[in-house]
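# Inside the fold
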Amino acid sequence: MTLLPHVIVAGYAQLPQTTGAGVLHRHLTIIVKVERRTSLVVDVSTSLATRVADEFVRENLQGRTLGSAGDDEDFVRTIEENYIGNGQKAIVGAYRDLCRRYSHGGRGVSDSQ
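The structure displayed is predicted, hence computed values, not measured ones.

### As for helix H3 (residues 69-82)
Over its 14 residues, H3 runs 20 Å from end to end, which matches the ideal 20 Å to within 8%, given 1.5 Å per residue. Those residues of H3 not exposed but buried are Asp72, Phe75, Val76, Thr78 and Ile79. Considered in projection along H3, the buried side chains sweep an arc of 155° and stay on one side of the axis. Turned more than 90 degrees off the buried face of H3, the exposed positions are Ala69 and Glu81.

### Re the pattern of salt bridges
As enumerated under the stated definition, the model contains six salt bridges in all. Residues Arg51 and Glu55 are paired through a salt bridge, measuring 3.2 Å at the closest nitrogen-oxygen approach. Taken together, the residues Arg51 and Glu55, both in helix H2 (residues 51-61) and four residues apart, mark about one turn of the helix. Overall, the relative accessible area of 23% leaves Glu55 in the partly exposed class.

### Overview of the packing of H2 against H3
Direction vectors running N to C along H2 and H3 enclose 145°, while the axes themselves pass 10 Å from each other. For the element pair H2 and H3, the recorded crossing hand is right-handed. Between H2, through Phe56, Val57, Asn60 and Leu61, and H3, the contact on the second element is made entirely by Phe75, Thr78, Ile79 and Asn82. When grouped by side-chain class, the residues that make up the contact of H2 with H3 number five nonpolar, three polar and no charged.

### Notes on the nonpolar core
In this structure, Ile30, Val32, Leu61, Leu66 and Ile91 are the most contacted members of the largest nonpolar core, which totals 27 residues. Of all the elements in the fold, those that place two or more residues in this core are strand S1 (6-14), strand S2 (27-35), strand S3 (41-46), H2, H3 and helix H4 (88-105). Of the residues forming this core, the biggest block, eight residues, is contributed by H4. With residues up to four places along the chain from it excluded, the contact list for Ile91 reads Leu28, Ile30, Leu48, Val57, Phe75, Ile79 and Tyr83.

### Observations regarding the packing of aromatic side chains
Tallied over the full model, the rule gives two aromatic pairs. Their ring planes at 45° and their centres at 6.0 Å tell us that Phe56 and Tyr83 sit as a pair that is tilted. One end of the pair, Phe56, is in helix H2; the other, Tyr83, is in the loop between H3 and H4, with 27 residues separating them in the sequence. With centroids separated by 4.4 Å and ring planes inclined at 45°, the aromatic side chains of Phe75 and Tyr95 adopt a geometry described as tilted. A residue pair is termed long-range when its members are at least 10 positions apart, and Phe75 in helix H3 and Tyr95 in helix H4 qualify at 20 residues. When its relative accessible area of 0% is taken as the criterion, Phe75 is described as buried.

Analysis parameters
Every chain begins its residue count from 1, and numbering advances along the sequence as written. With the structure being a predicted model, the display of local features is reserved for residues of pLDDT at least 70 and the display and counting of side-chain atom pairs for 80 or more, all residues being used for whole-chain, interface and lining totals. Side-chain figures throughout are based on the complete set of non-hydrogen atoms in the structure, without hydrogens or water. Comment: elements are numbered from the N terminus, with helices defined as DSSP H or I runs of at least four residues and strands as E runs of at least two. Every helix has an expected span of 1.5 Å times one less than the residues it contains. Each residue is assigned to one of three classes by its accessible area relative to the maximum for its type, calculated with a 1.4 Å probe on protein chains only: buried under 20%, partly exposed between the two thresholds, exposed over 50%. Think of the arc as the fan of directions from the helix axis to the C-beta atoms. Salt bridge, as used here, is a side-chain nitrogen of Lys or Arg placed within 4 Å of a carboxyl oxygen of Asp or Glu. Think of each axis as a best-fit line through the C-alpha atoms, taken over the contacting stretch in the case of a helix, with angles from 0 to 180 degrees between the N-to-C directions. Definitions for this section: a left-handed crossing has its near helix turned counterclockwise from the far helix by less than a right angle. A right-handed crossing has that turn clockwise. Note on contacts: a residue pair is in contact if any heavy atoms of the two residues lie within 4.5 Å. In this classification, the charged set is Asp, Glu, Lys and Arg, the nonpolar set is Ala, Val, Leu, Ile, Met, Phe, Trp, Tyr, Cys and Pro, and all remaining amino acids, among them Gly, are polar. In this description, a nonpolar core means a group of buried Ala, Val, Leu, Ile, Met, Phe, Trp, Tyr and Cys residues linked to one another through side-chain atoms lying within 4.5 Å. Between rings of Phe, Tyr and Trp, where Trp is taken as its six-membered ring, a pair exists when centres lie within 6.5 Å; planes separated by under 30 degrees are stacked, by over 60 edge-to-face, and by other angles tilted.

Keep in mind these values describe shape, not function.
What follows is the structure in structure tokens.
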């Protein structure tokens, strides 16, 4: 098996049906591309319904280090203080799920790297 330099990790949370994304999807998905060696988030995509909301999450998550307590809590605080909408809790929940999944399976680095 070959370990690539990046890993894709997805986090999920249930969306309120009062959001645009909630009408289209039952769950919010945040997907990140992370450098295995550094845990740096290099790309982000979400299932949020609008370009503005998707870009907001991407701009505030890209460049952070997953698993860094400071970066993790700062992202949550950023969302709680600046995303004023029904999807706020779902974004935080999907992010926490993403971090949990990453800590359980995404950090493996091969000996050859």
